[in-house]
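Report on the structure
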Amino acid sequence: MKKLSLVLMAVLAFAFIGCNSWLDFPEPEPEPEPEPEPNVEAVITLEETSTTLHKGETYQINAECENPITYSSENEFNATVSEEGLVTANFVGATVINLEAGEDTKAFEVTVEPVSNLYPEPEIEFGETKEAIIERFGQPVAETEDAIGYPNYSDNSIMLMVMFNEEGLVESYAVIFATSFEEELETFVSERYMFVQEMDGMKIYVNALTPEEASLLVGIQVYEDDEAPFLMAVYGSMDEEPAEKSVNLKALVKALVK
């Protein structure tokens, strides 16, 4: 009788467990296989080591290695690169794409060339003295209390105008054009700088991917005048307010460009 009772209890126990799936124990998950150690002797092979692009164009880096390759751009303002090695040209200039795989590294050079070469950008530093500007560009043909002007600065421009603060130091400068160059000027600037916004009729660009990182502001604006409207490419420090600079420039252009 005792043996029969034990058998009956065992049967009931198995039946109870079978009817209560929450008591089922899951199968243990297999442990992930360890990632293979990189081959320290593997090298990266590159079909080409450089390319030249225009803004917006892309290029696929053709590289092979036994190890996974990681890509990074030294200057993303000029060009960025994806995890798969696809390069995208951003703004005029040059940068290096670094490839790394295990112990080996390679460098891929990217040059972003412009479509428009409307004018040579003036080599002027903010904070320079008026004397330093005159020594570099010569005696100005036009001058006011706040600015000096150099007519026919380039083949396509009417004038280079340099503005000074109360201490006589360069605060901003502008290249003046006929309004017929408006479309090409926008192409020229947009190839070199990132558009941010339009403020009081001035299209504002900066020399970085975010305004917070920028040190240079470039504005495009048409100065409306009944006699002869002018187009301006204005260069200013990010420390200056573009709206105030625009108002000052209008008065200076009217005084200098006659």
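Please refer to the structure higher up on the page.
Now for a quick tour of the structure. The structure presented is a predicted model; accordingly, all values stated were derived computationally and were not measured. (Residues numbered from 1 in each chain as written. Predicted model: local features only at pLDDT ≥ 70, side-chain atom pairs only at ≥ 80, totals over all residues. Heavy atoms only, no water.)

1. Focus: the overall build of the chain
Note the cut-off: Helical segments are the DSSP runs of H or I of at least four residues, strand segments are the runs of E of at least two, and each set is numbered from the N terminus. Note on classification: 1.4 Å probe, protein chains only; a residue is buried when its accessible area is under 20% of the maximum for its type, exposed when over 50%, partly exposed between these limits. In what follows, residue pairs with any heavy atoms lying within 4.5 Å of each other are defined as contacts. Areas reported here follow the Shrake-Rupley algorithm with a probe of radius 1.4 Å; residue values treat only the protein chains shown as occluding.
Counting its regular elements, the chain contains four helices and 17 strands. Looking at the 258 residues of the chain, the share that counts as buried comes to 37%. Sequence-distant contacts in the chain: of pairs separated by 6 or more residues, those separated by 24 or more amount to 51%. Summed over all atoms, the accessible surface of the chain reaches about 15,900 Å², with 50% contributed by carbon and sulfur.

2. What to know about the environment of Ser215
Take Ser215: it is sitting in the loop between strand 15 (202–206) and strand 16 (216–223). Placed 21 residues apart in sequence, Ser215 and Gly236 show a C-alpha to C-alpha distance of 8.8 Å. Dropping the residues within four chain positions of it, Ser215 is found in contact with Asn207, Gly236, Ser237 and Met238.

3. With respect to the packing of aromatic side chains
Test applied: Classification of ring pairs rests on two measures: the distance between centres of Phe, Tyr or Trp rings, Trp counted by its six-membered ring, which must be within 6.5 Å, and the angle between planes, read as stacked under 30 degrees, edge-to-face over 60 and tilted in between. Two thresholds decide whether a charge sits over a ring: the Lys NZ or Arg CZ must be within 6 Å of the ring centre and within 35 degrees of the ring normal.
Applying the stated criterion to the full structure yields nine aromatic pairs. Centre to centre, the rings of Phe77 and Phe91 are 4.6 Å apart; their planes meet at 15 degrees, and the pair counts as stacked. Separated by 14 residues along the polypeptide, Phe77 in the loop between strand 5 (70–73) and strand 6 (79–81) and Phe91 in the loop between strand 7 (86–89) and strand 8 (93–101) bring together distant segments of the chain. With respect to burial, Phe77 and Phe91 carry one shared label: buried. Through pairs of rings, three or more aromatic residues link up here, namely Tyr119, Phe177, Phe181 and Phe188. The side chain of Lys130 reaches across the aromatic face of Phe164, ending 5.2 Å from its centre.

4. Brief notes about the sheet that holds strand 2 (residues 50–53)
Sheet strands pair via backbone hydrogen bonds, and the direction of the pair is either parallel or antiparallel. Quick reminder of the rule: What makes two strands pair is DSSP finding at least two bridges between them. Only the stretch in contact is used when a helix axis is fitted, and all axes are lines through C-alpha atoms; the angle between N-to-C directions ranges over 0 to 180 degrees.
Across the sheet, which stays open at both edges, the four strands sit in the order 2-9-8-5 with mixed pairing between neighbours. Of all strands in the sheet, those with a lone pairing partner are strand 2 and strand 5, marking the two edges. The sheet shows a mean angle of 20 degrees between the axes of neighbouring strands, direction not considered. As defined by bridge partners, strand 5 adjoins strand 8 across four bridges and the pair is classed as antiparallel.

5. Some details on the environment of Phe181
Assignment of secondary structure puts Phe181 in the loop between strand 13 (170–177) and helix 3 (182–192). Put simply, Phe181 and Asn156 are 25 residues apart on the chain and 8.4 Å apart in space, counted from C-alpha to C-alpha. Beyond its immediate sequence surroundings of up to four residues, Phe181 is in contact with Leu118, Asn156 and Leu231.

6. Quick word on the pattern of salt bridges
When their charged atoms lie close together, side chains carrying opposite charge are able to pair. Note the following rule: In the sections that follow, a salt bridge refers to a side-chain nitrogen of Lys or Arg positioned within 4 Å of a carboxyl oxygen of Asp or Glu.
In this structure the tally under the stated criterion is five salt bridges. One salt bridge in this structure joins Arg136 and Glu128, with 2.3 Å as the shortest N-O distance. What makes Arg136 partly exposed here is its relative accessible area of 41%. Of the charged contacts, one joins Glu191 and Arg192 as a salt bridge, the two residues approaching to 3.7 Å between their closest N and O atoms. With relative accessibility at 10%, the residue Arg192 sits in the buried group.

On their own, these measurements won't tell you what the molecule is for.
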